[in-house]
Amino acid sequence: MWTTSGRSAFFLVLQHLKSAGVNHVHLPAYLCESLLLPVKTLGLKYSFYPVDLSLTAHPNPPHRSAVLLIHYFGWLNPATSELRKEAGRSFHLIEDACHALLSDWSTSSPVERFVLLSPRKFGPLPLGGWCNLPGEPPRATAKAETLMWRSLTARLLRGTYLRQPHAPVDPATERFYLSAFQAVDQYLEREVGESGVPAFIPEMAAALDWGKISRRRRRNWRLLHALLANRVQALAGALPSATVPLGYPILLPAAKRDRVRRVLATQRVFCPVHWPLPVEVSARSFPDAARLSRTCLTLPIDQRYGQGDMGSLSELFLRTQ
Ligand SMILES: Cc1ncc(COP(=O)(O)O)c(C=O)c1O
């Protein structure tokens, strides 16, 4: 079922489980704060479990709880096969494949699990989440329709603007597209229970060349890895054949991470941090998650970039060292 976002897909799955009597969600301590929103909106109890520095999940699920398993950055979580074996017996498994849309998260034998996706993270889609609940998706609101068109217009404008790299910076244009993107973010944040997506979104998704997107992302990851692996600590040392990465995550000492990020931003290279530690997660109880939150930086490798861009990115990055 299509939804507006990954978090609204999570909302629908949790709502479904709540109606079946589940009242506790067991979450990884290393997670995006936005995932707490559906849990709190539904008034469910929650607890955190450790994730180690290799991004392996170590849940200890309370009986009949729902366990969220995140496949970080596109790689299947190393704990996946163990958890899939147990899924549906004493706990419900929710696999968050929002970073792993194009990786192989299929199973060879049937597994009782829920799956969450966020196609909007992998293509030019202003909205778009998905979960494997059966049934008809809710209707899109007028607000979702309006925001979608506004965001699409802003994307077209940004595309034209950024295609002229030597043109002067135009703050009015930048304000226009940034405020359109911000309006979508605010909507997804505030209206987590409004999951209906405009019909144009799945149509747009169907028209994208996902094979090409996968090949480009994998090629860019490999290029960057060849250029940087000896100079920086990459979070993943290899790219298995069925993995399509979200980005090129690296670990840097905390103060340096923030400085490198600032310097790259002045060169218009915007690197996301996955993720600041939510206040609900205790750094003392979950030191590995806290360390990942302080030290991880994701370098962009998405399909808009080619070989030359990866070369410039690595040069810019190495100059910050
Ligand atoms: C692993 C993961 N799952 C889910 C989400 C939520 O997805 P969305 O932003 O589409 O709501 C995020 C957001 O960044 C995420 O990183």
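Residues numbered from 1 in each chain as written. Predicted model: local features only at pLDDT ≥ 70, side-chain atom pairs only at ≥ 80, totals over all residues.

## Quick look at the overall build of the protein
Part 1 of the reasoning: Along the backbone of the protein there are ten helices and ten strands.
Part 2 of the reasoning: The C-alpha atoms of the protein give a radius of gyration of 20 Å, which matches the 20 Å a tight globule of 321 residues would have.
Part 3 of the reasoning: For the protein, the C-alpha atoms occupy an extent of roughly 60 × 45 × 40 Å along the three principal directions. (Helix = DSSP H or I, 4+ residues; strand = E, 2+ residues; numbered from the N terminus. Rg over C-alpha atoms; globule rule 2.2 N^0.38 Å.)

## A look at the sheet that holds strand 6 (residues 113-117)
Part 1 of the reasoning: One open sheet holds the seven strands; their spatial order is 1-7-6-5-4-2-3, and the pairing between them is mixed. Unpaired on one side and paired on the other, strand 1 (2-3) and strand 3 (45-49) mark the two borders of the sheet. (Pairing = 2+ DSSP bridges.)

## Regarding the domain arrangement of the protein
Part 1 of the reasoning: Assigned domains within the protein: domain 1 (2-131), domain 2 (142-195) and domain 3 (210-319).
Part 2 of the reasoning: Computed over C-alpha atoms, the centres of domain 1 and domain 2 are 28 Å apart.
Part 3 of the reasoning: Where the side of domain 1 that touches domain 2 is concerned, the elements lending two or more residues are helix 1 (6-19) and helix 2 (36-41).
Part 4 of the reasoning: For the side of domain 1 that touches domain 2, the element with the most residues is helix 1, which contributes four residues.
Part 5 of the reasoning: Tallied by class, residues from the side of domain 1 that touches domain 2 come to seven nonpolar, five polar and one charged. (Domains from an automatic or database assignment. Nonpolar A, V, L, I, M, F, W, Y, C, P; charged D, E, K, R; others polar.)

## Some details on the packing of helix 4 (residues 142-162) against helix 5 (residues 171-190)
Part 1 of the reasoning: The geometry of helix 4 relative to helix 5 is characterised by a closest axis approach of 9 Å and an angle of 145° between their N-to-C directions. As for how helix 4 packs across helix 5, the hand of that crossing is left-handed. Taking contact as the criterion, the partners of Lys143, Leu147, Arg150, Ser151, Ala154, Leu157, Arg158 and Tyr161 in helix 4 are, on helix 5, Thr173, Phe176, Tyr177, Ala180, Phe181, Ala183, Val184 and Tyr187.
Part 2 of the reasoning: Class assignment for the residues of the contact of helix 4 with helix 5 results in eleven nonpolar, two polar and three charged. (Axes fitted to C-alpha atoms, helices over the stretch in contact; angles between N-to-C directions. Left-handed = near helix turned anticlockwise from the far one by under 90°. Contact = placed C-beta atoms within 7 Å.)

## A look at the pairing of strand 6
Part 1 of the reasoning: Along strand 6, four of the five residues are buried, which leaves the element largely enclosed by surrounding structure.
Part 2 of the reasoning: Direction of pairing for strand 5 (residues 91-96) relative to strand 6: parallel, over a ladder of four bridges. Among the inter-strand pairings, aspartate 96 is bridged to a residue of strand 6, identified as leucine 116.
Part 3 of the reasoning: As paired strands, strand 6 and strand 7 (residues 129-131) are joined by two bridges and run antiparallel to one another. For leucine 116, the partnering residue across the bridge sits in strand 7 and is cysteine 131. (Buried ≥ 20, exposed ≤ 12 C-beta atoms within 10 Å, placed from the backbone.)

## Digging into the environment of valine 279
Part 1 of the reasoning: Note on placement: valine 279 falls in the loop between helix 8 (254-266) and helix 9 (287-295).
Part 2 of the reasoning: Through-space distance from the C-alpha of valine 279 to that of glutamate 33 is 8.9 Å; in sequence the pair is 246 residues apart.

## Some thoughts on the packing of helix 7 (residues 210-228) against helix 10 (residues 307-319)
Part 1 of the reasoning: Relative orientation of the contacting elements helix 7 and helix 10 amounts to 35°, with a least axis distance of 10 Å. Crossing handedness for the pair helix 7 and helix 10: right-handed. Contact residues: helix 7 offers Asn220, Leu223, Leu224, Leu227 and Leu228, while helix 10 offers Gln307, Met310, Leu313, Ser314 and Phe317.
Part 2 of the reasoning: Among the residues forming the contact of helix 7 with helix 10, the class breakdown is seven nonpolar, three polar and no charged.

## Re the sheet that holds strand 10 (residues 296-299)
Part 1 of the reasoning: Read from one edge of the open sheet, three strands run 8-9-10, paired in antiparallel fashion. With partners counted over all chains shown, the strands left at the sheet margins are strand 8 (233-234) and strand 10, one partner each.
Part 2 of the reasoning: Bridge count between strand 8 and strand 9 (residues 248-251): two bridges; the pairing is antiparallel. Among the inter-strand pairings, glutamine 233 is bridged to a residue of strand 9, identified as leucine 251.

## Points about the nonpolar core
Part 1 of the reasoning: Judged by nonpolar contacts, the single largest core of 76 residues is most densely connected at Val13, Ile94, Leu116 and Leu299.
Part 2 of the reasoning: Here this core takes seven residues from helix 1, the largest share from any one element.
Part 3 of the reasoning: Sequence-distant contacts of valine 13, that is, excluding residues within four places in its chain, are made with Ile94, Phe114, Leu116, Cys131 and Leu133. (Core = buried A, V, L, I, M, F, W, Y, C linked by C-beta atoms within 7 Å.)

## Regarding helix 4
Part 1 of the reasoning: For helix 4, spanning 21 residues, the distance from its first C-alpha to its last is 30 Å, which sits close to the expected 30 Å at 1.5 Å a residue.
Part 2 of the reasoning: Here helix 4 has its buried residues at Ala144, Leu147, Met148, Ser151 and Ala154. Along the long axis of helix 4, the arc covered by the buried residues comes to 135°, so they all point the same way. In helix 4, those exposed residues whose orientation departs by more than 90 degrees from the buried face are Ala142, Leu156 and Thr160.
Part 3 of the reasoning: At its buried positions, helix 4 is contacted by helix 5 and helix 6 (200-207). (Expected span 1.5 Å × (residues − 1). Arc of directions from axis to C-beta.)

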